[in-house]
Amino acid sequence: MKKLTILVLAALVALPVFAAQPLNFMVSETISYDDNIYLTKDDTKDSVISSTHVGAEYRAPVPGSGLTLSATGLVGYNAYTEKSSKNNYWDALADVNLQNDTFKLGDRFIYTADPANNALTDRAKRLQNKGYFSWQSSREKILGLGVNVSDIYDYYTDNDWEYLDRNRVNAGAQLNYNISGKTQLFAEYMFSNISYNTNKKNNSNGSTFGLGINGQLAPKVTGTAKATYAMRDYEHSKAGADNYVSLVGYYLEVEWMPTENDLIRLSGERAMEETIYGVNRYYVDTSVSLHAAHRFFTKWTAAVTFTYDNMAYPKAAAAGEDKRKDDLFSVRPELGYQFKDWLSAGIWYNFTTRRSNTSWAKYDRNRVGAFVKAMF
């Protein structure tokens, strides 16, 4: 439910590969209007925005290995009519990985102007690099094992945001009970270490336990559902802040395809997110999203996405104030048309409202746009 620019990039990367060749090129153009580009309550500023992206995707098996090599590169430029010298920015994505049914090794780099979490209301140029590795044993046996390791580094290019620069290392293991070749129950443990470049008082070590199910959950339903229990121990004391915290949460990502022309996706998560707000070192982020799409007349696709995100802070920022609570509601209908296998276009509208008991955090936002995408 965050990183809007990343979602735009991911949507372009996820274009179907219709061509038989392993190397494909892509290009997209989106013209949109945003009536509140700074996400402010009062004195809002609007802008017309042109977003142009070009990229390439390579996907082919590695001879004699059983592995598939995938590589994606994408770069874009976002041009604003409102104070272009301040608001124009580049974004980019580079992703490369080796994988098969049980193994994945890769690295993903992004450059974006969206902050790493919804606690911030303005854009902030940021680099992120994520290296990742996962392995699980064959599902042919009743019991199986899995390993997951990742390293995520966030770096803000503006010195005003340098206190958010951080590195997060995750390492964990999974015990699987394979109900079938397509469905498994699992128990997992994940250790995480968060280290800030300058804001050392927010350094922490954490543990998360999870119980869940993934794979084929029902006829025509696939995904992952799990309950979690997370603990976090901060390395340094901070006046007014808790040094040890815990949270019961969940993770959900489920898709249902009742017909070949329909898709319904339900996703959500409840977890601790890092922040710098008063004495708060984290907030509890509870989110849920419902996406439905229908293809009709062969080439038309209509879709709508509803999103709700609640952010609850454990501490008041100052004496006499209430603990901050934010609620974000968003709806996005869109309509697309597939001219050719390689060429599509569409229109969309997005309304977002943020309700909060902190007056300056409130805002409403309307966006509307049209796009064209090609892959060849």
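Things to note about the overall build of the protein chain
For the protein chain, the helix and strand inventory stands at two helices and 18 strands. Against the globule reference of 21 Å for 376 residues, the protein chain gives a C-alpha radius of gyration of 22 Å, in line with a compact fold. Over its C-alpha atoms, taken along the principal directions, the protein chain stretches across nearly 60 × 55 × 35 Å. Relative to its 376 residues, the protein chain shows a buried fraction of 41%. In the protein chain, the 41 positive side-chain charges and the 41 negative ones have mean positions that sit 2 Å from each other.

Thoughts on the pairing of strand β17 (residues 343-356)
As defined by bridge partners, strand β16 (residues 325-340) adjoins β17 across twelve bridges and the pair is classed as antiparallel. Pairing of F329 across the sheet is with T353, part of β17. Connecting β16 to the antiparallel partner β17 that follows it, the hairpin turn spans two residues. Note that β17 and strand β18 (residues 363-375) share twelve bridges and pair antiparallel. Its bridge partner lying in β18, W348 is registered against G369. Count of turn residues in the β17/β18 antiparallel hairpin: six residues.

Quick look at the packing of aromatic side chains
For the coordinates displayed, the defined rule picks out 14 aromatic pairs. A centroid spacing of 5.6 Å and a plane angle of 70 degrees characterise the contact between F103 and F133, whose relative ring orientation is edge-to-face. Pair noted here: F103 is in strand β5 (residues 103-112) and F133 is in strand β6 (residues 126-136), with a separation of 30 residues, a long-range link. Taken together, the ring pairs in this structure connect F296, F297, W300, Y337 and F339 into an aromatic cluster. Above the ring of Y251, the side-chain terminus of K226 is found at 5.7 Å from the ring centroid. We note R324 situated over the ring of Y277; from NZ or CZ to the ring centre the distance is 4.7 Å.

Let's talk about unusual backbone geometry
In this structure, K220 takes a positive phi of about 70 degrees despite not being glycine. Structurally, the position occupied by K220 is in the loop between β10 (204-218) and β11 (221-234). Phi at T298 takes a positive value of approximately 70 degrees, unusual for a residue other than glycine. Locating T298 in the fold gives a position in the loop between β14 (280-296) and β15 (300-312). When its relative accessible area of 67% is taken as the criterion, T298 is described as exposed.

Structural notes on the pairing of β6
Summarising the sheet, β5 and β6 pair through ten bridges and their orientation is antiparallel. By the bridge assignment for β6, K104 is matched with S134. The antiparallel hairpin formed by β6 and strand β7 (residues 143-156) contains six residues in its connecting segment.

Observations regarding the pattern of salt bridges
A side chain with one charge may pair with a side chain of the opposite charge, provided their charged atoms come close. By the definition in use, this model includes eleven salt bridges. Between R126 and D154 there is a salt bridge whose closest N-O contact spans 2.7 Å. Here D154 lies in strand β7 and R126 lies in strand β6, a separation of 28 residues in the sequence. Of the charged contacts, one joins E188 and K226 as a salt bridge, the two residues approaching to 2.4 Å between their closest N and O atoms. With E188 in strand β9 (residues 183-196) and K226 in strand β11, this pair connects stretches of sequence that are 38 residues apart. Residue classification places K226 among the partly exposed positions, given a relative accessible area of 22%. Through salt bridges with shared partners, a single network forms among R324, D326 and R354.

Description of the environment of Y80
Its place among the elements puts Y80 in strand β3 (residues 67-80). Here Y80 falls in the buried class, since its relative accessible area comes to 9%. Considered as a pair, Y80 and A374 are 294 residues apart in the sequence and their alpha carbons are 23 Å apart. Beyond its immediate sequence surroundings of up to four residues, Y80 is in contact with I37, S47, V48, I49, N87, N88, Y89 and R123.

About the criteria used
- Residues numbered from 1 in each chain as written.
- Predicted model: local features only at pLDDT ≥ 70, side-chain atom pairs only at ≥ 80, totals over all residues.
- Heavy atoms only, no water.
- Helix = DSSP H or I, 4+ residues; strand = E, 2+ residues; numbered from the N terminus.
- Rg over C-alpha atoms; globule rule 2.2 N^0.38 Å.
- Buried < 20%, exposed > 50% of the residue type's maximum accessible area, 1.4 Å probe, protein only.
- Lys, Arg positive; Asp, Glu negative; His and termini not counted.
- Charge placed at Lys NZ, Arg CZ, Asp CG, Glu CD.
- Pairing = 2+ DSSP bridges.
- Phe/Tyr/Trp six-rings, centres within 6.5 Å; stacked < 30°, edge-to-face > 60°.
- Lys NZ or Arg CZ within 6 Å of the ring centre and 35° of its normal.
- Salt bridge = Lys/Arg side-chain N within 4 Å of Asp/Glu carboxyl O.
- Contact = heavy atoms within 4.5 Å.

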